[in-house]
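So the chains spell out like this:
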Amino acid sequence: MLIQSEYLRIMRVISNNLQAIRQEIQEKAASFGRQNTFIRLVAVSKTRSADEVLTAARLGQRDFGENYAQEGVEKILALREKFGSAEAPLVWHFIGPLQSNKTRLVAEHFDWVHSITRAKIAERLASQRPRHLSPLQVLVEVNVSKEASKSGCALDEVMPLCRLIMTLPGLALRGLMCIPAPTEDFAAQRLPFARLYALWEALRQAGLPLDTLSMGMSGDFPAAICEGSNLVRIGTAIFGART
Ligand SMILES: *Cc1c(COP(=O)(O)O)cnc(C)c1O
């Protein structure tokens, strides 16, 4: 439990940050001619406490992103108790690397998964998704940086993986996601985002039912919005630096 003064301080910081980020997303979208697109803001709450998530939820934030299955599930359960179902429910996005032995936790508790990189993971999530829940909303993570060390599916593997996901019960294919190598330069940030947008558009032209393009974090979301992102994943700029 947080003492009251500390709670109020965190509340003020998160409130100011959330307001500023929402406004900046609007402003960037308008300046790039995208004012009519809804851009979903996922607040990345990895390493943050359930109280911090609760604070953001009380300020109207609904989408939260987690990287670690166990940590995420603990928060999901804690928030279910603290944040009543009278209010609109929270939406939980799993955005971290996903190992086979963690798929069940994710399938049973999360609403979205952004980080599908191979068939085996998709198949496990599909078979482990409880039938009483709505389908897991999924994105394929793509390696747009052309670095072997970066996670994500190679560009030419994306279409077959998407087609496989479309055949699996319990999963709803929604789009693509990327985490480019960090750089401070705006023009350099745009390149990998433009590459993912082009692929997303090509798959849509080919008839795949994609409506979500998850790209942009605290340090590069303006460039991502410039290149067509409609879902940004922001942690540091909302909750502060992680230790
Ligand atoms: C941590 C993380 C984010 C948020 O990063 P910030 O720089 O704190 O905004 C977004 N996406 C993924 C996949 C992450 O792991």
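Whatever comes next refers back to the structure up there.
Residues numbered from 1 in each chain as written. Predicted model: local features only at pLDDT ≥ 70, side-chain atom pairs only at ≥ 80, totals over all residues. Heavy atoms only, no water.

Q: Explain the packing of aromatic side chains to me, please; I cannot follow it from the model alone.
A: Per the stated rule, a full pass over the model turns up four aromatic pairs. Ring plane angle 35 degrees and centroid distance 5.5 Å describe the contact between Phe64 and Trp92, whose orientation is recorded as tilted. Here the residue Phe64 occupies a position in strand E2 (residues 63-66), and Trp92 occupies one in strand E3 (residues 91-94), the gap between them amounting to 28 residues. Taken as a pair, Phe64 and Trp92 share a single burial class, namely buried. With a centroid separation of 5.8 Å and 45 degrees between ring planes, the pair formed by Tyr197 and Trp200 is classed as tilted. Of this pair, Tyr197 and Trp200 both sit in helix H7 (residues 186-205), three residues apart, roughly one helical turn. (Phe/Tyr/Trp six-rings, centres within 6.5 Å; stacked < 30°, edge-to-face > 60°. Helix = DSSP H or I, 4+ residues; strand = E, 2+ residues; numbered from the N terminus. Buried < 20%, exposed > 50% of the residue type's maximum accessible area, 1.4 Å probe, protein only.)

Q: What is the right way to look at the nonpolar core in this model?
A: Soluble globular proteins tend to bury their nonpolar side chains together. Ranked by internal contacts, the top residues of the largest apolar core, which has 65 residues, are Leu125, Val140 and Leu176. Ranked by residue count, the leading element in this core is helix H1 (residues 4-31), at six residues. (Core = buried A, V, L, I, M, F, W, Y, C linked by side-chain atoms within 4.5 Å.)

Q: Explain the pairing of strand E5 (residues 136-141) to me, please; I cannot follow it from the model alone.
A: Regular strands place side chains that alternate from one sheet face to the opposite one. Among the six residues of E5, six are classified as buried, and the element is accordingly described as predominantly covered. By the alternation rule, side chains of E5 split into Leu136, Val138 and Val140 and Gln137, Leu139 and Glu141, which are all buried. For the segment spanning strand E4 (residues 112-116), helix H5 (residues 119-128) and E5, crossover handedness is right-handed. Sheet analysis places E5 next to strand E6 (residues 171-177), joined by six bridges and oriented parallel. If you follow Val140 over to E6, its bridge partner there is Leu176. (Right-handed = clockwise from strand over helix to strand, strands pointing away. Pairing = 2+ DSSP bridges.)

Q: How do you make sense of the packing of helix H2 (residues 50-58) against helix H3 (residues 69-82) when you look at a structure like this?
A: Between two packed helices, the angle of one axis relative to the other and the distance separating the axes together describe the packing. Following both chains from N to C, one finds H2 and H3 inclined at 50 degrees, their axes separated by 10 Å at the closest point. As judged from the angle between their axes, H2 and H3 are oblique. Crossing of H2 over H3 shows right-handed handedness. Between H2 and H3, the residues in contact are Ala50, Asp51, Val53 and Leu54 and Lys75, Ala78, Leu79 and Lys82, respectively. Per-class residue counts for the contact of H2 with H3 are five nonpolar, no polar and three charged. (Axes fitted to C-alpha atoms, helices over the stretch in contact; angles between N-to-C directions. Parallel < 35°, antiparallel > 145°, perpendicular 65-115°, else oblique. Left-handed = near helix turned anticlockwise from the far one by under 90°. Contact = heavy atoms within 4.5 Å. Nonpolar A, V, L, I, M, F, W, Y, C, P; charged D, E, K, R; others polar.)

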